[in-house]
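Each chain is listed here by its residues.
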Amino acid sequence: MSTELSGSTALVTGATSGIGRATAFSLAALGADVVLSGRNEERGRQAVKEIRAAGGSALFIASDLGDEASARGLARQATEQAGPVDILVNNAGIFPFGPTDRTTGEDFDEVFAVNVKAPYFLVAELAPAMAARGRGAIVNVTTMVAGLGMDGMSLYGASKAALVLLTKSWAAEYGPRGVRVNAVSPGPTRTEGTAVMGDALDNLAAAGPAQRTGTPEEIAAAITYLATDRASFVHGAVLAADGGRTAV
Ligand code: NAP
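Starting from 1, residues in each chain are numbered consecutively following that chain's sequence as written. For this predicted model, a pLDDT threshold of at least 70 governs which residues receive local features, and a threshold of 80 or more governs which side-chain atom pairs are given and counted, while totals over whole chains, interfaces and linings are taken from all residues. Water and hydrogen atoms were dropped before computing side-chain values, which therefore reflect all heavy atoms in the structure.

1. Regarding the overall build of the protein chain
The test is simple: Numbering of helices and strands runs from the N terminus, with a helix taken as a DSSP run of H or I at least four residues long and a strand as a DSSP run of E at least two residues long. Radius of gyration: over C-alpha atoms. The globule rule applied is 2.2 Å multiplied by the number of residues raised to the 0.38 power. In this scheme, a residue with accessible area under 20% of its type's maximum is buried, one over 50% is exposed, and one in between is partly exposed, where area comes from a 1.4 Å probe on protein chains only. Each accessible area is a Shrake-Rupley result for a 1.4 Å probe, and residues are judged covered by the shown protein chains and nothing else. In this charge count, Lys and Arg are treated as positive and Asp and Glu as negative; neither His nor the chain ends contribute. Note on charges: their place is set at NZ of Lys, CZ of Arg, CG of Asp or CD of Glu.
Of the regular secondary structure elements, the protein chain holds seven helices and seven strands. Here the protein chain has a C-alpha radius of gyration of 17 Å; the compact-globule value for 248 residues is 18 Å, and the two agree. Judged by the C-alpha coordinates and their principal axes, the protein chain covers about 45 × 35 × 35 Å. Across the 248 residues of the protein chain, 51% fall into the buried class. By element, 53% of the accessible surface of the protein chain is carried by carbon and sulfur atoms, the whole surface being about 11100 Å². In the protein chain, 20 side chains carry a positive charge and 25 a negative one; their mean positions are 5 Å apart.

2. Things to note about the pairing of strand β4 (residues 87-90)
Stated precisely, the cut-off is as follows: Two strands are counted as paired when DSSP detects at least two bridges linking them. When the strands point away from the viewer and the connection leading from the first strand across the helix to the second strand turns clockwise, the crossover is called right-handed.
Taking every second residue as pointing to the same face, both faces of β4 are buried, with Ile87 and Val89 on one and Leu88 and Asn90 on the other. The sheet contact formed by strand β1 (residues 9-12) and β4 spans three bridges and is parallel. For Val12, the partnering residue across the bridge sits in β4 and is Val89. Pairing of β4 with strand β5 (residues 136-141), which is carried by four bridges, proceeds in the parallel orientation. Directly across from Asn90, in β5, lies its bridge partner Asn140. For the segment spanning β4, helix α4 (residues 105-133) and β5, crossover handedness is right-handed.

3. Quick notes on the packing of aromatic side chains
Selection criterion: The criterion for an aromatic pair is that two Phe, Tyr or Trp rings (for Trp, the six-membered ring) have centres within 6.5 Å, with stacked assigned to planes under 30 degrees apart, edge-to-face to planes over 60 apart and tilted to the rest.
Scanning all chains against the criterion turns up six aromatic pairs. Here the aromatic rings of Phe97 and Tyr156 are separated by 5.6 Å at their centres, their planes lie at 70 degrees, and the arrangement is edge-to-face. With Phe97 in the loop between β4 and α4 and Tyr156 in helix α5 (residues 154-174), this pair connects stretches of sequence that are 59 residues apart. Tyr156 sits in the buried class, given a relative accessible area of 10%. Ring pairing ties together the aromatic residues Phe95, Phe97 and Tyr156, which thus form one cluster.

4. Structural notes on the pattern of salt bridges
Short version of the rule: Salt-bridge detection follows one rule: a side-chain nitrogen of Lys or Arg within 4 Å of a carboxyl oxygen of Asp or Glu.
Considering all chains together, one arrives at ten salt bridges under this definition. Arg230 is the partner of Glu4 in a salt bridge, and the nearest nitrogen-oxygen pair spans 2.8 Å. Taken together, the residues Glu4 in the segment before β1 and Arg230 in the loop between α7 (216-227) and β7 (238-241) connect sequence positions 226 residues apart. For Arg72, the salt bridge goes to Glu68, with nearest N and O atoms at 2.8 Å.

5. Points about the packing of α4 against α5
Condition: Every axis corresponds to a line fitted to the C-alpha atoms, with the helix fit spanning only the stretch in contact, and the corresponding angles, defined between N-to-C directions, vary from 0 to 180 degrees. Roughly parallel means an angle under 35 degrees; roughly antiparallel means over 145; roughly perpendicular covers 65 to 115; every other angle is labelled oblique. Rotating anticlockwise by less than a right angle from the far helix to the near helix defines a left-handed crossing, while the corresponding clockwise rotation defines a right-handed one. Any two residues whose heavy atoms approach within 4.5 Å are treated as being in contact. Amino acids are sorted into nonpolar (Ala, Val, Leu, Ile, Met, Phe, Trp, Tyr, Cys and Pro), charged (Asp, Glu, Lys and Arg) and polar (every other residue, Gly among them).
In the contact formed by α4 and α5, the axes pass within 9 Å of each other and the chain directions differ by 15 degrees. Taken together, α4 and α5 sit at an angle that is classed as roughly parallel. Our pair here, α4 against α5, has a crossing hand that is right-handed. On α5, the residues that touch Asp107, Phe108, Val111, Phe112, Asn115, Val116, Pro119, Tyr120, Val123, Ala127, Pro128 and Ala131 of α4 are Leu155, Tyr156, Ala158, Ser159, Lys160, Ala162, Leu163, Leu166, Trp170 and Tyr174. In the contact of α4 with α5, the residues fall into 18 nonpolar, two polar and two charged.

Now the structure itself:
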């Protein structure tokens, strides 16, 4: 059966957990051949098994992202194993919260390595091939705190603010050659990664019109929209999927 993304290959980073995993399932349900990536092989292989059991096409490539070599290596492996990548979802991210005066140089470098450097070199490796084929979609996963000053989120917010600017720069750079680059900015969402936050996540979400945390599936729906031709006239946008938290 042919569906909306049949014949497309999608690479989703951070697909072993939370938002990335839900995105991999969502893209596979639309017919994409999905390459899931992450560090945890067991969770990666389990997700692949579940996608296949549901009739989808998926494979897992383990990758610890954090520098140019790992990013370019993942992009090349994905292309070799699944064919030219049409959709890249830069979702893998880390979010250690804490006071600026207790952040070490190593913490700083690690957050920027995973949240900025890896997406940067995945795009550097994959966008030119998309542009040469005249089509492609890149979706970067940022955060509502990329545009809000929040106590304890300076380093994380700054790294994602860089990704917001890169989204717009890449839209200008690759959009004229058929590659749409956009971002989704989630609000507080219950995932494996935010489980440790407990009530703090609910408190963060309470001030928004939705008055609740989001689900990974709700964020995946926004990412999926931007990855498909339904968003064919959308370039360089940052779609807030935050229960309205940044609107009021
Ligand atoms: P999560 O449950 O912690 O999942 C994070 C994913 O990123 C995992 O698949 C993890 O892989 C992968 N990852 C982390 N470090 C990596 C590394 N060095 N190399 C390769 N993969 C790595 O997180 P989430 O809540 O779904 O968040 C996903 C994205 O949404 C992140 O970019 C986050 O900043 C953003 N976001 C989340 C929220 C929220 O409330 N949940 C809100 C705003 C933005 P392994 O587990 O296999 O290591």
